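Topology and contacts: notes
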Amino acid sequence: MPDSLSNIAKSTAPTPTLCDTIAMGDSVVADSLTIATTPPSIALIEVPEGRDIPLRTESANAMSWVMLVVIAVFILVSLRYKNNFKYIKAIAGDLSDIRSRNNLFDDTVRETSLLISLNALCVISVALLFHTSLLTLHPSLAVIPTIESIGVAAGMTLAFYTFQYIAYLIVGNVFGDRHKTSSWIKGFASSQGLLSVILFPLSLITLFYPQHAPTLCIVGFIAFIIARLIFIFKGFRIFFNRISSFFLFLYYLCSLEIIPLILGYSIALNILENLI
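A brief structural summary. (Residues numbered from 1 in each chain as written. Predicted model: local features only at pLDDT ≥ 70, side-chain atom pairs only at ≥ 80, totals over all residues. Heavy atoms only, no water.)

Regarding its fold elements, the chain presents 9 helices and 0 strands. Ordered by position in the sequence, the α and β elements of the chain form the string α-α-α-α-α-α-α-α-α. Carbon and sulfur atoms make up 71% of the accessible area of the chain, which amounts to about 18,000 Å² in all. (Helix = DSSP H or I, 4+ residues; strand = E, 2+ residues; numbered from the N terminus. Areas by Shrake-Rupley, 256 points an atom, 1.4 Å probe, with all protein chains shown as cover.)

And the structure:
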């Protein structure tokens, strides 16, 4: 009985016509074309969103000029150092030697030019560290444009060193002779020139990594004090020849080493506070 019903169903099923066959063929062809033209895989990438970049500020422009000056002086020192490496030993010897040079030609033009360039680098390094120290100790000064605050620090640093050079020249000639004065000033220039080798990288790091400025300023100040103590000890050896010279030496420490340092800091701070 089930077989008979199956045969009846097959006999009654409609026979596919030519149109149905063609339609079925077209559908198969269309599906094949769709599959052939569809890429094997599609990677959907999310379009990245842009970021809001702040415009270049006046502070950044000022720092560019500062870096240009610093790099220019550093290149000058490097060129002089390349050709005058042997004079570094002579400059280091001036820190402790209190005797006059026997040969006039020992103090050559090349050595002098190297010493001048090192002192110029020292002035710039001290000015940058002085500027950073002022901003670290007095955060309210940060509102002042960078070019103005650095200009005040650099001007005061230059005035400080100019005053000391002139003062050493006058005091040396008053309490000593020409040879002692020359040896004394030579020791000062040598101490500050070699100090630039330490202060220059510290000043650059404070510009690029201001979060480390307090620590670096402390390290720079310690190096500055050590260089000064070496120079002061040389002056003590040159001019101390009797017990009465001790009081004059104390006057020298107060008037030429301590007071100018405090006075320069106070004047620079006062000028910057008036610019706020």
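Further notes follow.
Moving on: the environment of Arg228. Mapping Arg228 onto the fold places it in helix H8 (residues 213-239). The buried category is assigned to Arg228, whose relative accessible area is 5%. Between the C-alpha atoms of Arg228 and Ser191, which are 37 residues apart in sequence, the distance is 7.4 Å. Aside from chain neighbours lying at most four places away, what touches Arg228 is Phe160, Tyr161, Gln164, Tyr168, Phe188, Gln192 and Glu257. Engagement of the side chain of Arg228 in a polar contact is seen with the side chain of Glu257, the distance being 3.1 Å. (Buried < 20%, exposed > 50% of the residue type's maximum accessible area, 1.4 Å probe, protein only. Contact = heavy atoms within 4.5 Å. Polar contact = N/O pair within 3.5 Å; in protein donor to acceptor, adjacent residues only side chain to side chain.)

Moving on to the environment of Ser182. Mapped onto the fold, Ser182 is located in helix H7 (residues 178-208). In this structure, the C-alpha to C-alpha distance between Ser182 and Gly172, residues 10 residues apart in sequence, is 8.2 Å.

Right, let's talk about H7 for a bit. The terminal C-alpha atoms of H7 lie 45 Å apart, and with 31 residues this matches the ideal 45 Å at 1.5 Å per residue to within 8%. The largest bend in H7 amounts to roughly 35 degrees and is located at Val197, with the proline Pro201 lying one to four residues further along. A side-chain oxygen of the first residue of H7 lies 3.3 Å from the backbone nitrogen of His179; this N-cap is Asp177. (Expected span 1.5 Å × (residues − 1). Bend = angle between axes of the 7 residues up to and from the residue.)

Take the packing of aromatic side chains next. Inspection of the entire model under this criterion finds 13 aromatic pairs. Their ring planes at 50 degrees and their centres at 6.3 Å tell us that Phe130 and Tyr265 sit as a pair that is tilted. Linking Phe130 in helix H5 (residues 109-137) with Tyr265 in helix H9 (residues 245-275), this pair joins segments that are 135 residues apart in sequence. Judged by its relative accessible area of 28%, Tyr265 is partly exposed. Members of the aromatic cluster, joined through ring pairs, are Phe160, Tyr161, Tyr165, Tyr168, Trp184, Phe188, Phe231, Phe236, Phe239, Phe249 and Tyr252. (Phe/Tyr/Trp six-rings, centres within 6.5 Å; stacked < 30°, edge-to-face > 60°.)

Grouped together as the largest cluster of nonpolar side chains are 26 residues, with contacts concentrated most on Tyr161, Tyr168, Trp184, Leu195, Leu199, Phe231 and Tyr252. Secondary-structure elements contributing two or more residues to this core are H5, helix H6 (146-175), H7, H8 and H9. Looking at which element gives the most residues to this core, the answer is H8, with 8 residues. If sequence neighbours within four positions are ignored, Leu195 has contacts with Cys122, Ala223, Phe224 and Ala227. Judged by nonpolar contacts, the second largest core, of 14 residues, contains Leu114, Leu121, Leu128 and Ala189. (Core = buried A, V, L, I, M, F, W, Y, C linked by side-chain atoms within 4.5 Å.)

Here Ile116 is to be found in helix H5. Residue Ile116 is classed as exposed on the basis of its relative accessible area, which comes to 54%. Measuring from C-alpha to C-alpha, the distance between Ile116 and Gly193 comes to 7.8 Å, with 77 residues separating the pair along the chain.

For the rest of this paragraph, the subject is a nonpolar patch on the surface. Together, Ile166, Ile170, Val174, Phe175, Ile243, Phe246, Phe247, Leu248, Leu250 and Tyr251 make up an exposed nonpolar region whose accessible area comes to about 1,100 Å². Every element with two or more residues in the nonpolar patch is listed here: H6 and H9. At 5 residues, the largest contribution of residues to the nonpolar patch is made by H9. Among the structural elements, Phe247 can be located in helix H9. Judged by its relative accessible area of 54%, Phe247 is exposed. (Patch = residues over 30% accessible without salt bridge, like charges linked within 9 Å, V, L, I, M, F, W, Y side chains within 5 Å. Salt bridge = Lys/Arg side-chain N within 4 Å of Asp/Glu carboxyl O.)

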